[in-house]
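A closer look at the structure
Take a look at the letters that make up each chain.
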Amino acid sequence: RETWGGGILIAVNPFKAMGHLYDEHMMGMYRGGKLGDLSPHVYAVADCAYDALRAENVSQSILVSGESGAGKTETAKLIMQYIAHTSSSAMSGGDDGQKPTQDKVLDSNPLLEAFGNAKTSRNDNSSRFGKYVEMQFDADHRISGAAIRTYLLERSRVVKTNDPERNFHIFYQLCAGADDEDRKAWRLKDASHYHYTNQSACFELEGVDNAEEYKRTVRAMRGVGISEAEEKNMMSVVAGILHLGNVQFINQGDSADEGCVLADDAAKAALGDAAAVLNVGVAALEQSLRTRRIVLSDEVIYKPLPAAEATHSRDALAKSLYSKLFDALVERINASIGQDANSVAFIGVLDIYGFESFAVNSFEQFCINFANEKLQQHFNQHVFKMEQEEYEKEGIDWSYIEFVDNQDMLDVIERRANGIIALLDESCMLASTTDEQFVQKLYSGLKDEPRFSKPKVSQSAFTLSHYAGEVTYESATFLDKNKDFVVQQHEELLAKSERGVVAEMFTTSATSTSSRSSTKLSSVSARFKTQLGELMAKLNVTEPHYIRCIKPNAASKPSSFESSNVLQQLRCGGVLEAVRISCAGYPSRKPVEMFLARYGLLAPDMASLFFEGSEREALKGILSAAHVTGWQIGKTKVFLRAGQMAILDVLRQQKLNAAATEIQRRARAFVKRKQYQDLRSASIKVAAMARGMIARKLVRTMRQEIAAVRIQTAFRAIRDRVKYARTKEAAVKLQAIVRGARARQILRETRAMEAKTNDAARKIQSNWRGKKARKDFAIVKQKARETGALLEAKSALERQLDSERSRTAMEQRARQDDQIRFSQIERDLNVRVKDLEAALMQSKAQIVEVERESRVAKDETASEIAELKSCVDKALLDVDAAIRERDTVTTESAIALETLNSRIDEELALNAKLQTEIECLSRERDALTQALEEARLHGGIIGKENESERERGMSSYSTPTKTPTTSRFTGILSPLMSPSTELNTPETPLTPNDDDAAAALEREQAELDARKAKLEQMRSHNDYSVLLTFIEHHALRDAGFMENGTPVLACIIFRCLLKWGTFEAERTSLFDKINDSMNLSLERAPEDYVLLTYWLSNAFTLLNLLHRTLKSSSSNSKANRRKSSTFLLDRMASRFRSSSTPLASSPGVKGVEQINAKYPAFLFKQQLAAFVEKVYGMLRDHMKKDMSKALAECIQAPRPNRSNSAKAPKLSESWTVIIETLDKCQKAMVSSYVPRELEKPFFVQVFCFINVQMFNALLLRRECCSFSNGEYIKMGLATLEEWSIQSNNVVSEEAWEELRFIRQAVQLLVIDHKPKKTLNELSLELCPQLTIQQLYRISTMYWDDKFGTETVSSDVLVDMKARMTQDSNTQKNSFLLDDDSSVQFSVDAIAGHDLEVQLSGFSVPETMLNNPSFAFLVCDPAQQ
């Protein structure tokens, strides 16, 4: 906000954006207006300066001053913006080439702010340099050029920053905003990694984005004409300065004279980065930092520097680089804008640092306060000295005014003999002078100055009494900061840089430096003093305008005003003194000619105005007539007290108003006379015409009366006819009503009679049906009692069958024993024959021996020979008898074996007959079961007796009675034998008779069959183990999917069961083990989407194959079912078979015929269906679990930050989690080829769960029922809809329709004009799915946090409440939705679909490929 103070504009920094006070509309209001006509504004000062330049062709200057943080920079920008806008408007229709100049002047502001402004403890955007902008105008008062002058850039801030201040803005902007390519080229890191920027913990400014500011700076460079290549070169210099700051040194030895080296690898890397960015040699750069060159007469010596001096040399190079870069930037801006050498005048805007006083003040504060002292002197000269000189020049009576003059303070600072600057330069000339010695010089040289004092507690500080107060300066770094050493090595090195901008900056200075001096001293304070002198000289030739910026509080907070602080700023700025002078003196003054020209009409004697030399008498007459006092008339001007000029303006305006009134009076009289004459002439003509019109009207009236009489006559006739017709019609209606009432009475009586008759008939029918039902129930109950007898008969037959089976097995075992015994007898006979043959051979040998002996001993007698012959004959006879006996035994054994085989055949026939009888009994049991079920449905009550009977019947069927057998036949009667059973059989002792031989043979055959069965069972168990191990451990890894999506594991299991004939087995445990293996594999990772969808696809495909392949064994015996349908148990069994038999319309599997399966196969099919439902439920519940937390959080929009409050809120991570979960599950289903029949209901149920969770959360939390939250949820639903569209038709329209509740609730939240909506529009058109309770809940909880609109009208709420009261008896009271977690489909219903299943051509797993038992998997199933 602004106000006036003695002709000085006082601008107070509001510390917040007030754009409506500085827009183009406000510029138009102040353009061309007089100073003081409108409220005080910075545009008023700018317009005053521009009007003065146009009227007098005199250069103007606007001096903006104030403390740091008072808003000087923003005020200067507003002034230049207004002047540019006004100049462009004034030249409309002229040359359009001036617009780029204005734009470049305005674009230079953010560019200079980035390179010259920094954050201080008092201001986040403090100018650390002085700026004077000259806007040059041609003869047509259009901007023809501009020039920017800068003063005293705070170079020390580049290398030293105190906490919580920051370095120059450009460093942080470059680190945050450079793109990846530039970051790589300049080797940039974050600002926290650089020494020059991490000395303070402040890296970010509140409400400022460094990356966006960097883009703004680059755009400003383009605006002032700096090309992209030049911009890259300048930014590379900034990056090189940052890398230089990270070059650290340590002393090489114990002594500092030995020089220094780089501290570590990080310092070496920083040195390489700096050299690469600046395009100089690494070794040359390191040498220029670590050594100092000394040029002697005959040689050049390089002196190594200690670590401290090397660091100082590095900082000097960085400051020199940045200073020259800033100067080059200003020169480039001036060259781009262009200066007009033929300009007529200019308007200068001075924006220089304000007065600063910190806890610790150094050399920078001394120079800044020195500049403010010079500006304050200029202000004093203009406001006070110029005022007194004006009075003395005009020769009026005026007493001298006392005011605070700061010339003595300026003398203390800039006096040549013993001023502070002179003493400072003298100390800098001597290299051995320290800061303490400099302070002692000040103490001794300025001890008598009243403006200079010595602090009591410090020996290294001094205090100056400035116009704004006393400031104490610490001299610790005065000498170093005043010495602007230029190291020749640095300049020569950088002058040879391959980067053009660096070489240009240092080429001139490198050539001008003496070759014999390694460094050159330049006094910063002396140079600054010269610049200030040039600035004051330029200001003295212009007409100044003053703006004092005020900082309302020290904390820089809006709406906070510290009176004492503001009063001190006004007093130090001379504003209060200027106000006092204006009020006590003559603030209003005008030249005599201008005064008479304006107020001459107030003169009592008008003749005196036209005679030369009578001006004074005319002036006195005018002022006396106005009754004002205290005025004075000078030599050429009239001086008036405050407010007297306004009195004269009022009198002048009154005089002008009176003259205007008289002119208007006479003009109006002339006009009125003319109007009266015209009106009188017209009235005569009108009267004549009116009389004629009255006569014609009278005739017309008489004619109308005659016509009216005739019309009335006709109307009355018509009215009477209508009245008669209505009376007649009413009579007819009355008669009809009476007749109808009589007819309805007769009809009611007739209906009452019919009702009584019908009631009687219904009672009779009810009694008759009850009697018949009781009779039928008795019959059914009798049949149920007969069930027990049937079950007992069945049990007896089963026991008989078991007995026959045991007897048959025993006979088979006896036959095996007989066969073994016969084999033993045959072996004994063979041994005996062999013994006899051996004896015969022995006898023959003896005979030969005897003959030999007889030939030798001829003296033996013939009797002995005869005896020997008789013995031989007897032996021969015995041998023949033994042979005949063996043949006889063999024949008898064969006959016994044939007899035994015939008996076995008879027993097998008997066994088949018994099996047929068992099947008939089973069918009768099924029929009885069905009849019992029908009896339960008809009668409604079944006694516990019948239930127990049925249970006993089922148990007797499922668990047959075991007949006690001896341990000898246990192995034969066992249905399944363990693979570990021993194959050896006990030896059977020999029996002497034929029956024992036959039994031995029979037992041997039985044992051979048992061995074969055991071997087959062992091989089967091994195959089962391979398949079960593969299912449990290797299925997911080795059994994937074919190209058409067929699961390989399902095909392997189906073909193995088909090959082994398991579907046709009466009893088997393989199905249970397969089911257990699948469950064990599933339990390893129950929350893995890939595993769940894998087993869902395999189990469903296997179930589809079973459904299309298996059929009941009794499906073809329709006649038997019809014949035995009267039995209860057979009916129950037939019903079970019909539910397990595939539909007639179900297609079969290509290459596989339908199988007459047994009960275990159908039980496995039911277990497989239950497994599919289990996996489906686990997948659904796992997905609900993953989305539950996100659904609870996504219902409420995140609160926006204050800086982004105007932007639309972004979706939170909860929506991302929901989309990712859906996408993850959908991808898992696609990768596992889950059938469409399962995908569609799954996503329908998931979307139903999303709808229920979000809708219930919305109705339970009031903070969620807001307008902005509705927009947020609507945006999230749009994202969900976009995902569903992109999901390759996985999510159907039915699934999206499940979100109708939350969609309609959100539509109710975000709809406009809610109070105008009726209940029918809400319940029938907008939200047809929501109940009245839900609509009432949302309407009462709604609140608009964005536009402040109201909810539905109170009438609609009353109607809702009434409707809820009416519907309370018919509807449930809860307004929440219920989540249905049941399986929404029938597995058997969808299992019959014709899936495209390929049972061959898949890759057989390696574990089965190497096993010959699974070789059938390679061939086609038709060849299996």
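Residues numbered from 1 in each chain as written. Predicted model: local features only at pLDDT ≥ 70, side-chain atom pairs only at ≥ 80, totals over all residues. Heavy atoms only, no water.

Moving on, we come to the pairing of strand 15 (residues 469-474). Bridge analysis of strand 14 (residues 461-466) against strand 15 gives six bridges, and the strand direction is antiparallel. Bridging across to strand 15, Ala461 finds its partner in Glu474. Between strand 14 and strand 15, which pair antiparallel one after the other, the connecting turn spans two residues. (Pairing = 2+ DSSP bridges. Helix = DSSP H or I, 4+ residues; strand = E, 2+ residues; numbered from the N terminus.)

A few words now on the packing of helix 36 (residues 1236-1260) against helix 41 (residues 1332-1341). For any two helices packed against each other, one specifies the crossing angle of their axes together with the interaxial distance. Closest axis-to-axis distance for the helix 36/helix 41 pair is 9 Å, and the angle between their directions is 50°. Judged by the inter-axis angle, helix 36 sits oblique to helix 41. When helix 36 is examined against helix 41, the residues Phe1255, Leu1258, Leu1259 and Leu1260 are found in contact with a partner set consisting of Gln1334, Arg1337, Ile1338 and Met1341. In terms of residue class, the contact of helix 36 with helix 41 is built from six nonpolar, one polar and one charged. (Axes fitted to C-alpha atoms, helices over the stretch in contact; angles between N-to-C directions. Parallel < 35°, antiparallel > 145°, perpendicular 65-115°, else oblique. Contact = heavy atoms within 4.5 Å. Nonpolar A, V, L, I, M, F, W, Y, C, P; charged D, E, K, R; others polar.)

Let us now look at the packing of aromatic side chains. Summed over all chains, the structure comprises 31 aromatic pairs. Between Tyr391 and Phe639, the ring centres sit 5.8 Å apart and the planes meet at 75°, which makes this aromatic pair edge-to-face. With a gap of 248 residues between them, Tyr391 in helix 12 (residues 363-394) and Phe639 in strand 21 (residues 637-640) connect regions that are remote in the sequence. This pair shows no difference in class: Tyr391 is buried, exactly as Phe639 is. Look at Phe595 and Tyr599: their rings are 4.9 Å apart centre to centre, the planes differ by 50°, and that puts the pair in the tilted class. Here Phe595 pairs with Tyr599, and both are found in helix 22 (residues 592-599), just four residues apart, close to one helical turn. Tyr599 carries the same exposure label as Phe595, and that label is buried. (Phe/Tyr/Trp six-rings, centres within 6.5 Å; stacked < 30°, edge-to-face > 60°. Buried < 20%, exposed > 50% of the residue type's maximum accessible area, 1.4 Å probe, protein only.)

Moving on to the pattern of salt bridges. Any two side chains of opposite charge can pair, on the condition that their charged atoms come close. Taken as a whole and assessed by the stated rule, the structure comprises 30 salt bridges. When the shortest N-O distance is used, the salt bridge between Lys538 and Glu134 registers 2.9 Å. Here Lys538, found in helix 19 (residues 524-540), pairs with Glu134, found in strand 6 (residues 130-137); they are 404 residues apart in sequence, far enough to count as distant. Of the charged contacts in the structure, one is a salt bridge between Glu213 and Arg216, with a shortest N-O distance of 3.4 Å. Of the two residues, Glu213 and Arg216 both sit in helix 7 (residues 210-223), three residues apart, roughly one turn of that helix. What makes Arg216 partly exposed here is its relative accessible area of 34%. (Salt bridge = Lys/Arg side-chain N within 4 Å of Asp/Glu carboxyl O.)

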